[in-house]
Amino acid sequence: MKFRKAPLARIALACLLAAAGASHAQQATYKIAYIDPLSGPFANVGELMLMHTQYAIEDINAKGGVLGGTKLQLLQFDSKLSAQESQSALQAAIDQGAKAIVTGGSGSSVVTALVQSVARWNQRNPGKELIVLNHSSIDPEMTGKACSFWHFQTEANTAMKMKALANYIKKTPEVKKVYLLNQDYAHGKQWASYGRQLVGLARPDIQFVGETLHPIGRVKDFSPYIANVKQSGADSVITGNWGQDMTLLLKAAGDAGYNLRYFNHSAGSVPGTVTAVSQARLGQLTWVAEWHPGEADTPKVDALAKAYKAKTGKDFLAPRIDMTPRLLAAAINKAGSTDTVKVAHALEDLNFDSVVGPVRMRAEDHQLLLPQVVNTIVPVDGKTVKTGWEGTNYGFRTDAVYTGNELAQGTECKMVRP
């Protein structure tokens, strides 16, 4: 009998070991799903964001991952700039075991729909929750009335960016007549609204001489829009355009010989924008970001940009996107767990020493407080602009720098926590 029991005991032990091994294998990786446009008119934006995300994850893994050995694994999905496609991508990510979503380049309306779907999934599937880390969609409603415990924004929102621009315009008397030209979607409307509100508050003497919304990603020739702007007598345009919509707008104004000032939230961080300004040879594009290439006294970003270029062969443009997986990794280590609820709570009020300086994830609305630099794309002069960009003789001039706390505003968020 003993002789017959021994194999059974060994079989049972082997089964236990196999089960333990399987459990360990499941915990050996933490899956992150990237959902953003990888095709269509904004594919270059999505590819840029993907490359920044990949670089950070590979760097985290090279340094041991999280929790003393768990590696991060990036899954890639094409949102096609569509809420419906993003929903399909989300389901595929869930099926493949993702625990976090990194997104932001699909526009605020698409990202909002994604966050709402994640919230519904989490409610129906306790123990299988996901979180959303949003690095670029900046509609203030996402950390305001529509805030969600499962959503964390790692970019300054529209109100913060417009406040920085309004502070700069307050000291720029040559801006007198402003036209509002924006993409016809949630964030385009928000950019126009905050422009009228905050710039009007900073400069009551400014005249708003016109306002137009245009289809996003579908306009091939902006000449008719430029003709309307010119007829209004505007010297400046507040536009939330990005990607192809920004470069084609600049081209149309240049072709018309129209020397405009543009005020934008992030256009200079998108490939091709500096080239478009240089080719137009007219106009000044002023935008806001946590950093810009060639900025003085930023040794940590400079070192990261150099390492990124050496590995990818591409220029580094967006510290906040690189920062997003690093914030997640810091929260996982702080929580001591990959459990999503614990990680989300660890992200709240997380202080992080980033390459652009100390940042904090505000607990009340999950808005990251990070510095913002107002800067303008202008020709290299050897003094304020020493380095050209994208193979041109145009670079970025620093106009003003503000801390996250200086730009922070109140929130209407009523956070519901599990």
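In every chain, residue numbers begin from 1 and rise along the written sequence. The model is predicted, so local features are restricted to residues of pLDDT at least 70 and side-chain atom pairs to those at 80 or more, both for listing and for counting; the totals for chains, interfaces and linings are taken over all residues. Hydrogen atoms and water are omitted, and side-chain values are computed over all heavy atoms in the structure.

A. View of the environment of Ser 109. Numbered from the N terminus, helices here are DSSP runs of H or I no shorter than four residues, and strands are runs of E no shorter than two. As for its position among the elements, Ser 109 is in helix 4 (residues 108-124). Separated by 33 residues in the primary sequence, Ser 109 and Met 142 have C-alpha atoms spaced 9.7 Å apart. Residues count as neighbours in contact if any of their non-hydrogen atoms are within 4.5 Å of one another. Residues within four places of Ser 109 in sequence aside, it is in contact with Tyr 185 and Ala 186.

B. Representation of the pairing of strand 3 (residues 100-103) within the structure. Of the two faces of strand 3, the one lined by Ala 100 and Val 102 and the one lined by Ile 101 and Thr 103 are each fully buried. At least two DSSP bridges between two strands are required for those strands to pair. Summarising the sheet, strand 1 (residues 29-36) and strand 3 pair through three bridges and their orientation is parallel. Note on strand 3: the bridge partner recorded for Ala 33 is Ile 101. Relative to strand 4 (residues 131-134), strand 3 runs parallel, the two sharing four bridges. When the bridges of strand 4 are listed, Thr 103 appears paired with Asn 134. Where the polypeptide runs from strand 3 across helix 4 and back to strand 4, its parallel neighbour, the crossover connection is right-handed. Throughout this description, buried means an accessible area under 20% of the type-specific maximum (1.4 Å probe, protein chains only), exposed means over 50%, and partly exposed covers the range between. With the strands aimed away from the viewer, a crossover counts as right-handed if its path from the first strand over the helix to the second runs clockwise.

C. Structural view of the state of the cysteines. By convention in this document, the label disulfide applies to cysteine sulfur atom pairs within 2.5 Å. Under the criterion given, the structure shown has one disulfide. Across a sulfur-sulfur distance of 2.1 Å, Cys 147 and Cys 413 are joined as a disulfide pair. Note on the Cys 147 and Cys 413 pair: the S-S dihedral is about 80°, so by sign convention the disulfide is right-handed. One end of the pair, Cys 147, is in the loop between strand 4 and strand 5 (151-153); the other, Cys 413, is in the segment after helix 13 (404-407), with 266 residues separating them in the sequence. The two residues Cys 147 and Cys 413 agree in class, both being buried.

D. Here's a closer look at the sheet that holds strand 14 (residues 372-379). Strand order in the open sheet made by the seven strands is 7-6-8-9-10-14-15, with mixed pairing throughout. For this open sheet the edge positions go to strand 7 (207-214) and strand 15 (394-402), each flanked by a neighbour on one side alone. The sheet shows a mean angle of 25° between the axes of neighbouring strands, direction not considered. Alignment of strand 14 against strand 15, held across eight bridges, turns out to be antiparallel. Bridge pairing in strand 15 links Asn 375 to Thr 398. Angular values range over 0 to 180 degrees, each being the angle between N-to-C directions of two axes fitted as lines to C-alpha atoms, with helices fitted over their stretch in contact. Of the strands in this sheet, strand 6 (177-183), strand 7, strand 9 (261-263) and strand 10 (284-289) touch helix 8 (residues 244-255), which is tilted by about 165° from strand 9.

E. Focus on the pattern of salt bridges. One speaks of a salt bridge when a side-chain nitrogen belonging to Lys or Arg is within 4 Å of a carboxyl oxygen belonging to Asp or Glu. Taken as a whole and judged by the stated rule, the model has 20 salt bridges. In this structure, the salt-bridge partner of Asp 315 is Lys 309, at a minimum N-O distance of 3.1 Å. For Lys 309, a relative accessible area of 40% puts it in the partly exposed group. Between Glu 364 and Arg 362 there is a salt bridge whose closest N-O contact spans 3.9 Å. According to the relative accessible area criterion, Glu 364 is partly exposed, its value standing at 40%. Put simply, Asp 59, Lys 63, Asp 322 and Arg 326 are held in one network by salt bridges that share partners.

F. Highlighting the confidence of the model for the protein. For every residue, the predictor reports its confidence as pLDDT, a number between 0 and 100. Looking at the protein, the pLDDT average stands at 92 and 94% of residues meet or exceed 70. In the model, residues 1-6 has pLDDT below 50 throughout and makes zero contacts with residues more than four positions away in sequence or in other chains. This stretch, residues 11-26, has a pLDDT under 50; its non-local contacts, to residues over four places away or in other chains, come to zero contacts.

G. Spotlight on the UniProt feature "domain: Leucine-binding protein" (unreviewed entry) in the protein. UniProt positions are given in the numbering used here, feature names are shortened, and annotations may be inferred rather than shown by experiment. Sites flagged by UniProt as "domain: Leucine-binding protein" (unreviewed entry) map to residues 29-368. End C-alpha atoms of residues 29-368 are separated by 26 Å, and the span's content is 44% helix alongside 19% strand.

H. Looking closely at the packing of aromatic side chains. For Phe, Tyr and Trp, where Trp contributes only its six-membered ring, two rings pair if their centres lie within 6.5 Å, and the inter-plane angle classes them as stacked under 30 degrees, edge-to-face over 60, or tilted in between. Counted according to the given criterion, the structure contains eight aromatic pairs. Measuring from ring centre to ring centre gives 5.3 Å for Tyr 55 and Tyr 308, while their planes differ by 70°; the resulting arrangement is edge-to-face. Separated by 253 residues along the polypeptide, Tyr 55 in helix 2 (residues 43-62) and Tyr 308 in helix 10 (residues 299-312) bring together distant segments of the chain. Taking the centre distance of 5.3 Å and the plane angle of 70° together, the rings of Tyr 308 and Phe 316 count as edge-to-face.

I. Representation of the nonpolar core in the model. Only buried Ala, Val, Leu, Ile, Met, Phe, Trp, Tyr and Cys residues count toward a nonpolar core, and they belong to the same one when joined by side-chain atoms within 4.5 Å. By size, the foremost hydrophobic cluster in this structure holds 97 residues, and its most contacted members are Ile 32, Ile 101, Ile 131 and Leu 328. A per-element tally of this core places helix 5 (residues 158-169) first, with eight residues. When residues of this core are assigned to domains, at least three map to each of domain 1 (29-156 + 300-370) and domain 2 (159-289 + 371-406). Excluding residues that lie within four positions of it along the chain, Leu 328 makes contacts with Tyr 30, Ile 32, Ala 100, Ile 131, Leu 133 and Val 343. Each domain span listed reflects an automatic or database assignment of domains.

J. Looking closely at the packing of helix 5 against helix 6 (residues 186-202). Where helix 5 meets helix 6, the closest approach of the two axes is 9 Å, and the angle between their N-to-C directions is 35°. Our pair here, helix 5 against helix 6, has a crossing hand that is right-handed. Residues Thr 158, Ala 159, Lys 161, Met 162, Lys 163, Leu 165, Ala 166 and Ile 169 of helix 5 lie in contact with helix 6, whose contacting residues are His 187, Gln 190, Trp 191, Tyr 194, Gly 195, Leu 198, Val 199 and Ala 202. Grouping the constituent residues of the contact of helix 5 with helix 6 by class yields 10 nonpolar, four polar and two charged. By convention, the crossing between two helices is left-handed when the near helix turns anticlockwise from the far helix through less than a right angle, and right-handed when the turn is clockwise. Residues are grouped as follows: Ala, Val, Leu, Ile, Met, Phe, Trp, Tyr, Cys and Pro are nonpolar; Asp, Glu, Lys and Arg are charged; all remaining types, including Gly, are polar.

K. Spotlight on empty space enclosed by the protein. Cavity and pocket criteria rest on a 1 Å grid covering protein atoms alone: a 1.4 Å probe that fits but cannot get out defines a cavity, protein on both sides within 12 Å along at least 5 of 7 lines defines an open pocket, and an atom within 4 Å of a point defines a lining residue. Grid points are joined across faces, edges and corners, and a volume is the space filled by probe spheres set on the points. Inspection of the entire model under this criterion finds one cavity of 30 Å³ or more. For the largest cavity, the lining is made up of 21 residues, of which Met 49, Ser 136, Trp 242, His 265 and Ser 266 are closest to its centre. Elements with a contribution of two residues or more to the lining of the largest cavity: helix 2 and helix 11 (319-335). Looking at the lining of the largest cavity, the element that brings in the most residues is helix 2, giving three residues. Two domains each donate at least three residues to the lining of the largest cavity, and these are domain 1 (29-156 + 300-370) and domain 2 (159-289 + 371-406).

L. View of the side chain of Thr 324. By the secondary structure assignment, Thr 324 is in helix 11. Aside from chain neighbours lying at most four places away, what touches Thr 324 is Leu 133, His 135 and Thr 154.

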